[in-house]
Amino acid sequence: MLQPASGRLWIWLSILLALSLSILPLPIQLVPFRPDWLAMVLVYWALALPHRVNVGSAWVAGLLLDVLLGSTLGVRAMAMAIMVYLAAFQFQKIRNFSVWQQALIMGGLTLVGKVTVFWAEHLFSRANLNVGYFWSTLSTMFLWPWVFLVLRQLRRHFNIK
């Protein structure tokens, strides 16, 4: 009975690490390129273990990110829930793609998330769309294969099911 609790612990520790990386200070030149760490971790777990990480988990993690960033409550929660829903809806197909094809899908999911956040922020405040807003999509796509491999190794090493 210790194993299932341990699996949940490792999943939530990886989500907490992603939240930490999302608020890590960066030089001003690199801020537009900050990858969407939380989306990558949530999408990985939704693809690998859809019975463990789902839209509800994404909503909770997104709310935590909203609180950490001091943004409008629920905006990133909604974006994370939408991204995880889209990934989980086709998880059997996406799992069979190569890591590089998954990186393209991750880029599309991140783009959907960015547009959702902009749209929701625009509804509640004066959000401006600048050129650098979507650069993080490219860095997320570029880092996806490495995040995927690290999380898969973690899942296999600790036998998370």
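As named in an unreviewed UniProt entry, the chain is Rod shape-determining protein MreD, taken from Aeromonas diversa CDC 2478-85. Its UniProt record gives the chain the following Sequence similarities (unreviewed entry) comment, quoted word for word: "Belongs to the MreD family."

### Thoughts on the packing of helix α4 (residues 75–89) against helix α6 (residues 99–124)
Contact geometry of α4 with α6 gives a least axis separation of 9 Å together with a crossing angle of 150 degrees. The orientation of α4 relative to α6 falls into the category roughly antiparallel. In the crossing of α4 with α6, the sense of the turn from one axis to the other is right-handed. Where α4 abuts α6, its residues Val 75, Arg 76, Met 78, Ala 79, Ile 82, Met 83, Leu 86 and Ala 87 lie against Leu 109, Thr 110, Val 112, Gly 113, Thr 116, Val 117, Trp 119, Ala 120 and Glu 121. When the residues that make up the contact of α4 with α6 are grouped by side-chain class, the tally is twelve nonpolar, three polar and two charged.

### Thoughts on the packing of aromatic side chains
Applying the stated criterion to the full structure yields ten aromatic pairs. Ring centres of Tyr 44 and Trp 45 lie 5.1 Å apart, and the angle between their planes is 75 degrees; on these two criteria the pair is classed as edge-to-face. For Tyr 44, a relative accessible area of 2% translates into the label buried. For Trp 45, a relative accessible area of 0% corresponds to the buried category.

### Structural notes on the pattern of salt bridges
Across all of its chains, the model carries two salt bridges by this definition. Of the charged contacts in the structure, one is a salt bridge between Arg 76 and Asp 66, with a shortest N-O distance of 3.9 Å. Of this pair, Arg 76 sits in helix α4 while Asp 66 sits in helix α3 (residues 55–69), and the two are ten residues apart along the sequence. Assessed through its relative accessible area of 1%, Asp 66 is described here as buried. Two residues, Glu 121 and Arg 76, come together in a salt bridge whose shortest N-O distance is 3.9 Å. Placement of the pair is Glu 121 in helix α6 and Arg 76 in helix α4, with a sequence separation of 45 residues.

### Regarding the confidence of the model for the chain
Scored by pLDDT, the chain comes out at a mean of 94, with 97% of its residues at no less than 70. The secondary-structure element of the chain with the lowest mean pLDDT is helix α1 (residues 2–23), recorded at 88, while helix α2 (residues 37–48) shows the highest, at 98.

### With respect to the environment of Val 55
Along the polypeptide, Val 55 turns up in helix α3. Sequence-wise, Val 55 and Leu 86 are 31 residues apart; in three dimensions their C-alpha atoms are separated by 9.6 Å. What Val 55 contacts, discounting residues up to four positions off in sequence, is Ala 81, Val 84 and Tyr 85.

### With respect to the side chain of Gln 102
Looking at the secondary structure, you find Gln 102 in helix α6. Contact partners of Gln 102, with chain neighbours within four places excluded, come to Ile 94, Arg 95, Phe 97, Trp 144 and Phe 148.

### Focus on the UniProt feature "transmembrane region" (unreviewed entry) in the chain
With numbering matched to this structure, UniProt assigns "transmembrane region" (unreviewed entry) to residues 9–28, 59–87, 99–120 and 132–151. Across residues 9–28, helical content stands at 75% and strand content at 0%; the span's end C-alpha atoms are separated by 34 Å. Secondary structure across residues 59–87 divides into 83% helix and 0% strand, with the first and last C-alpha atoms of the span separated by 14 Å.

Rules and cut-offs
Sequence order sets the numbering: in each chain, residues are counted from 1 along the sequence as written. Totals for whole chains, interfaces and linings use every residue, but because this is a predicted model, local features are given only for residues with pLDDT of at least 70 and side-chain atom pairs only at 80 or more, for both listing and counting. Where side-chain values are given, they derive from all heavy atoms of the structure, hydrogens and water being excluded. UniProt positions are given in the numbering used here, feature names are shortened, and annotations may be inferred rather than shown by experiment. Throughout, an axis means a line fitted to C-alpha atoms (over the contacting stretch in the case of helices), and angles, computed between N-to-C directions, take values from 0 to 180 degrees. By definition, any uninterrupted DSSP run of H or I lasting at least four residues is a helix, any uninterrupted run of E lasting at least two residues is a strand, and each is numbered from the N terminus. When describing relative orientation, an angle under 35 degrees is termed roughly parallel and one over 145 degrees roughly antiparallel, while 65 to 115 degrees is termed roughly perpendicular and anything else oblique. By definition, any crossing whose near helix is turned counterclockwise from its far helix by less than a right angle is left-handed, and any crossing with a clockwise turn is right-handed. Residue contacts follow a heavy-atom distance rule, with two residues in contact if any of their heavy atoms lie within 4.5 Å. Ten residues, namely Ala, Val, Leu, Ile, Met, Phe, Trp, Tyr, Cys and Pro, are considered nonpolar, four, namely Asp, Glu, Lys and Arg, are considered charged, and the remaining ones, Gly among them, are considered polar. For Phe, Tyr and Trp, rings pair up if their centres lie within 6.5 Å, where Trp contributes its six-membered ring, and each pair is then called stacked (planes under 30 degrees apart), edge-to-face (over 60) or tilted (otherwise). Whether a residue is buried, partly exposed or exposed follows from its accessible area with a 1.4 Å probe, protein chains only, as a fraction of its type maximum: under 20%, in between, or over 50%, in that order. Salt bridges are defined by distance alone: a side-chain nitrogen of Lys or Arg within 4 Å of a carboxyl oxygen of Asp or Glu. Confidence of the predictor at the level of single residues is given by pLDDT, which spans 0 to 100.

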